[in-house]
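Structure at a glance
As a plain string of letters, each chain reads:
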Amino acid sequence: MNRVDACPSCGAAVAGGAEGCQRLFDELSVRLTSSGNLPYTVRRLAVDCYCLQHPDSYCVSAKSLAAHLTGLCWAMEFEGGEPGLKALQAWLNGRVPLVKPAIPSSRGLLTVRDVFDEQDSLGLAVARWAHATWAAYADLHPITRRWVMEAARRG
Ligand SMILES: [Zn+2]
């Protein structure tokens, strides 16, 4: 019996709902890691997207939400390189008073399913996923940009 239902968190059509969605992402992570021509930043972007589309599991604290949102913002609106990601991490490891904003109920028109089904260009598929996820979080763009600027000032 091949039951297909939707992940309650991201809406992906996947057998097994939330658990099936996690399995899909775990398999995708293996493909992203073993595909030697993809830089670390692409794998990191995929993690940020998946976590932001599953905030009940991965963005429970304000800090974890800030980590994934600033990572995505850094990729979308700044130069996206690894040194910047390290600066963001260092900022988050410090004592930062963060207030967790409300998370949008709609988390993006593309999901891990769309990336998983891509056979040719995983890098492009992850980039499309990132744009869709970032667009879904539009209400949180201003606060995310403030966090990135604060990290940049301290770094
Ligand atoms: Zn899901």
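Residues numbered from 1 in each chain as written. Predicted model: local features only at pLDDT ≥ 70, side-chain atom pairs only at ≥ 80, totals over all residues. Heavy atoms only, no water.

1. Thoughts on the coordination of the zinc ion
Just so we agree on the cut-off: Metal donors were taken as nitrogen, oxygen and sulfur atoms no farther than 2.8 Å from the ion, or 3.2 Å where the ion is Na, K or Ca. Water is excluded, so coordination may look unfinished. Angle rules define the geometry names used: all angles between 85 and 135 degrees makes four donors tetrahedral, while opposite donors over 155 degrees apart and all other angles between 65 and 115 make four donors square planar and six octahedral, leaving every other case irregular. The secondary structure listing takes helices from DSSP runs of H or I that are at least 4 residues long and strands from runs of E that are at least 2 residues long, numbered from the N terminus. The cut-offs for exposure are 20% and 50% of the maximum accessible area for each residue type, with area from a 1.4 Å probe on protein chains only; residues under the lower value are buried, those over the upper are exposed, and the others partly exposed.
Coordination of the zinc ion by the protein comes from Cys7 (SG), Cys10 (SG), Cys21 (SG) and His54 (NE2), over a distance range of 2.0 to 2.3 Å. Considering all 4 donor atoms around the zinc ion, angles at the metal cover 104 to 115° and the coordination shape is tetrahedral. Counting along the primary sequence, the residues that act as donors to the zinc ion give the motif C-x2-C-x10-C-x32-H. Taken together, the residues cysteine 7 in the loop between strand E1 (5–6) and strand E2 (13–14) and histidine 54 in the loop between helix H2 (40–53) and helix H3 (55–58) connect sequence positions 47 residues apart. Cysteine 7 sits in the buried class, given a relative accessible area of 3%. The exposure class assigned to histidine 54 is buried, which follows from its relative accessible area of 6%.

2. What about the environment of proline 104?
This is how the line gets drawn: Every residue pair with non-hydrogen atoms within 4.5 Å of one another is taken to be in contact.
Position of proline 104 relative to the elements: it lies in the loop between helix H5 (82–93) and helix H6 (112–116). For the pair formed by proline 104 and proline 55, sequence separation is 49 residues and the distance between their alpha carbons is 9.8 Å. Those residues in contact with proline 104 that sit more than four places away from it in its chain are Ala136 and Tyr137.

3. Re H2
We count it as follows: Here a helix's expected span is defined as the number of its residues, less one, multiplied by 1.5 Å.
Taking 1.5 Å as the rise per residue, H2 with 14 residues should run 20 Å; its terminal C-alpha atoms sit 20 Å apart, in good agreement. Extensive coverage of H2 is indicated by the burial of 10 of its 14 residues. Taken together, the buried positions of H2 are occupied by Val42, Arg44, Leu45, Ala46, Asp48, Cys49, Tyr50, Cys51, Leu52 and Gln53. Looking at the buried side of H2, the elements it contacts are helix H1 (17–34), H3, helix H4 (62–77), H5, H6 and helix H7 (122–136).

4. Structural notes on the packing of H2 against H7
The condition that has to hold: To define axes, lines are fitted to C-alpha atoms, for helices over the stretch in contact only, and angles between the resulting N-to-C directions are given on a 0 to 180 degree scale. Two helices crossing with the near one rotated counterclockwise from the far one by less than a right angle form a left-handed crossing, whereas a clockwise rotation gives a right-handed crossing. Nonpolar residues are Ala, Val, Leu, Ile, Met, Phe, Trp, Tyr, Cys and Pro. Charged residues are Asp, Glu, Lys and Arg, and all others, Gly as well, are polar.
Where H2 meets H7, the axes come as close as 9 Å, and the angle between the chain directions of the two elements is 35°. In the packing of H2 onto H7, the handedness of the crossing is left-handed. Across from Val42, Leu45, Ala46, Cys49, Tyr50, Leu52 and Gln53 in H2, the residues of H7 making contact are Gly123, Val126, Trp129, Ala130 and Thr133. The residue makeup of the contact of H2 with H7, split by class, is 9 nonpolar, 3 polar and no charged.

5. Overview of the nonpolar core
Our working rule: Here the nonpolar core consists of buried residues drawn from Ala, Val, Leu, Ile, Met, Phe, Trp, Tyr and Cys, with membership extended through side-chain atoms lying within 4.5 Å.
Counting 45 residues, the largest nonpolar core has Cys21, Leu28, Leu32, Leu69, Leu98, Val112 and Trp129 as the members making the most contacts within it. Of all the secondary structure elements, the ones that give two or more residues to this core are H1, H2, H4, H5, H6, H7 and helix H8 (141–154). The greatest single-element share of this core, amounting to 8 residues, is contributed by H4. If sequence neighbours within four positions are ignored, leucine 69 has contacts with Leu52, Trp134, Tyr137, Leu140, Thr144 and Trp147.

6. Let's talk about the packing of aromatic side chains
Two measures describe an aromatic ring pair: the distance that separates the ring centres and the angle between the ring planes. We apply this condition: Between rings of Phe, Tyr and Trp, where Trp is taken as its six-membered ring, a pair exists when centres lie within 6.5 Å; planes separated by under 30 degrees are stacked, by over 60 edge-to-face, and by other angles tilted. When the NZ atom of lysine or the CZ atom of arginine is within 6 Å of a ring's centre and also within 35 degrees of its normal, the charge is said to sit over that ring.
Enumeration over the complete set of coordinates arrives at 3 aromatic pairs. A ring pair is formed by phenylalanine 25 and tyrosine 50, whose centres lie 4.3 Å apart and whose planes are at 10°; its orientation type is stacked. With phenylalanine 25 in helix H1 and tyrosine 50 in helix H2, this pair connects stretches of sequence that are 25 residues apart. When sorted by exposure, phenylalanine 25 lands in the same class as tyrosine 50, which is buried. When the ring centre of phenylalanine 116 is taken as reference, the NZ or CZ atom of arginine 31 above it lies at 5.2 Å.

7. Things to note about the pattern of salt bridges
Note the following rule: For this analysis, a salt bridge means a side-chain nitrogen from Lys or Arg found within 4 Å of a carboxyl oxygen belonging to Asp or Glu.
For the structure on display, the rule yields 6 salt bridges. Arginine 128 serves as the salt-bridge partner of glutamate 118, at 3.3 Å between the closest nitrogen and oxygen. With glutamate 118 in the loop between H6 and H7 and arginine 128 in helix H7, this pair connects stretches of sequence that are 10 residues apart. The partly exposed category is assigned to arginine 128, whose relative accessible area is 43%. In this structure, the salt-bridge partner of glutamate 150 is arginine 154, at a minimum N-O distance of 3.2 Å. With glutamate 150 and arginine 154 both in helix H8 and 4 residues apart, this pair spans about one turn of that helix. According to the relative accessible area criterion, arginine 154 is exposed, its value standing at 52%.

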